[in-house]
Each structure stands twice: as C-alpha cells, then as structure tokens.
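In case you want the letters, here they are:
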Amino acid sequence: MSFDSVYEITSHLNDVKKQHLVEYFSGDSLNSRWTLTSKSTPWLDEMNDSVNGGYKLHPTNGHEGILTFNNKRQYAYNGSVWIAVCNRYNSSGIMGGGLKGDDTTAENRNLSRLAIKESTNKIQAVSCNTTAATYTNTSVTSVDSTYFVLKGELGTSSIIYSVDGVTEVTHTTAASDKLPDTKLQPYVYASANGSSSGGNVLYVECYNT
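Please read these numbers as outputs of a predicted model, since none were measured by experiment. (Residues numbered from 1 in each chain as written. Predicted model: local features only at pLDDT ≥ 70, side-chain atom pairs only at ≥ 80, totals over all residues. Heavy atoms only, no water.)

Asks: Before we go on, may I ask you to explain the pairing of strand β5 (residues 64–68) in this structure?
Replies: The side chains of a regular strand alternate between both faces of the sheet. With 5 of its 5 residues buried, β5 lies for the most part within the structure. Taking every second residue as pointing to the same face, both faces of β5 are buried, with Glu64, Ile66 and Thr68 on one and Gly65 and Leu67 on the other. Bridging between strand β2 (residues 35–38) and β5 involves 4 bridges; their strand directions are antiparallel. Considered in β5, the bridge of Ser38 is made with Gly65. (Buried < 20%, exposed > 50% of the residue type's maximum accessible area, 1.4 Å probe, protein only. Helix = DSSP H or I, 4+ residues; strand = E, 2+ residues; numbered from the N terminus. Pairing = 2+ DSSP bridges.)

Asks: I'm lost on unusual backbone geometry in this one. Help?
Replies: For residues other than glycine, phi is negative in most cases, and the peptide bonds are mostly trans. In this structure, Asp164 takes a positive phi of about 55° despite not being glycine. When you line up the elements, Asp164 lands in the loop between β12 (158–163) and β13 (166–172). Relative accessible area serves as the criterion here: at 43%, Asp164 is assigned to the partly exposed category. Despite not being glycine, Ser176 has its phi angle at roughly 60°, a positive value. In this structure, Ser176 sits in the loop between β13 and β14 (185–192).

Asks: Would you explain the sheet that holds β5 in this entry?
Replies: Sheet strands associate in pairs through backbone hydrogen bonding, adopting either a parallel or an antiparallel arrangement. As summarised here, the arrangement of the 7 strands in space is β2-β5-β14-β7-β8-β9-β10, forming an open sheet in which the pairing is antiparallel. Strand pairing shows two members of the sheet lacking a second neighbour, β2 and β10 (133–141), which therefore form its edges. On average, each strand axis in the sheet is inclined to that of its neighbour by 20°, with strand direction left out of account. Direction of pairing for strand β8 (residues 111–116) relative to strand β9 (residues 122–128): antiparallel, over a ladder of 6 bridges. Each residue of the ladder has a partner; that of Ser112, found in β9, is Ser127. (Axes fitted to C-alpha atoms, helices over the stretch in contact; angles between N-to-C directions.)

Asks: Hey, could you run me through the state of the cysteines in this one?
Replies: Simply put, disulfide is the name for a covalent bond between the sulfur atoms of two cysteines. Applying the stated criterion across every chain, the model contains 0 disulfides. Residue Cys128 stays outside any disulfide, its sulfur separated by 17 Å from that of Cys206, the closest cysteine. We note that Cys206 lacks a disulfide partner, and the nearest cysteine sulfur, in Cys86, lies 13 Å from it. The buried category is assigned to Cys206, whose relative accessible area is 0%. (Disulfide = S-S within 2.5 Å.)

In structure tokens, the structure reads:
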C-alpha cells in the first residue's frame, strides 16, 4: 500500500510550493525558532498546561511583549497570508497576531495585525508602514477566553482582514491606508493594562502567495 506525500495531497507536482509555516503551540516548551521580546520586565510566558491551552503570554501590569521569528523575514508584504488562533483573558489587555517587519514592540514598524483590544473589547485591524499606522475596528466584540481565528491576506494594493472566516476590514492603497512595504516575519503580540492580562496562542500559519 502506498500513500501520497503531503506535497502531493496539497499541490500538483508541477507546482513549486512557496515559503509556508505551520505552528501548533504544543509540547513542554516553545520551539526555539521563536524569539520572545519584552519591552520591559517582569514578563511571564510558558506553555499552558491544559487541554488546548497553547502558549501563554501573560505580561504583568503595564508591560508588553511579542513573539517573532528571530528576524527571519521570509514573507512578502504584497503577496502573503497569515492566520493566528488566540484568545484574551480579560478586558485589561491586548492579544493578537499577524506579520511584522522587525522584532521590536513598536507598532509603526511595518506590520499587519488583528488584535483583541482593551477597553472597547473590539477586534481591531492594524496596518503600518515605516512611519504611520491605520487602525480600524471590526464589528466583532471579544468574549473573554473565547478563541478567534484571525486572518490577514496581503495583496499588491490591499490587506483583507477576517475574523472566524468573515471578512471584516479592507485596507487599501487607494484609501491612503498605511500598508507595510518590506519583507515580514510571523508575529504574536500581548500587553497588559491591568492584572492577569494577556492570553493564549494556539496556532499560527503564514505563507507566500
């Protein structure tokens, strides 16, 4: 008995697959290909030892941090897709993911992100170039501890953002939105404006189109 390879299941053998990352956050430690950058300390992060717990990003009050890909920026700003599955503990913090140009916590550094915001509890789309950002709330209001499937599709002149498979926001060059303009890397973000903030990330996928 023979079985098709994963390549043959997903692609014709005449096609050349492009860069593609799939990360299930499971096991007893974070895969070493990820880099944790904290704006300041203390910062708590660990694998969440619970069913479907994923990786826990739990900053203390007033702190923030990100997971990036050790500045290996292999995804196109004008032809890629990212997906992040994450939740947030409570309305005091922010939790989200996407693609980013560098490994600093600063937002105005080329990125595409969806994040569950503090205070408003809306899931918000953010697109940035080197100097400025565009922020647009989706219609989705977060429920604490509920996982959301966040997705961004980066094209030549737009970024389409969706939540749980429903298109919510489109940023375009025609609308003078601030779209990234350099190569990007996988990115997960968390911050805390109160105690017990942050959230979990279960899954990240990125690929070039």
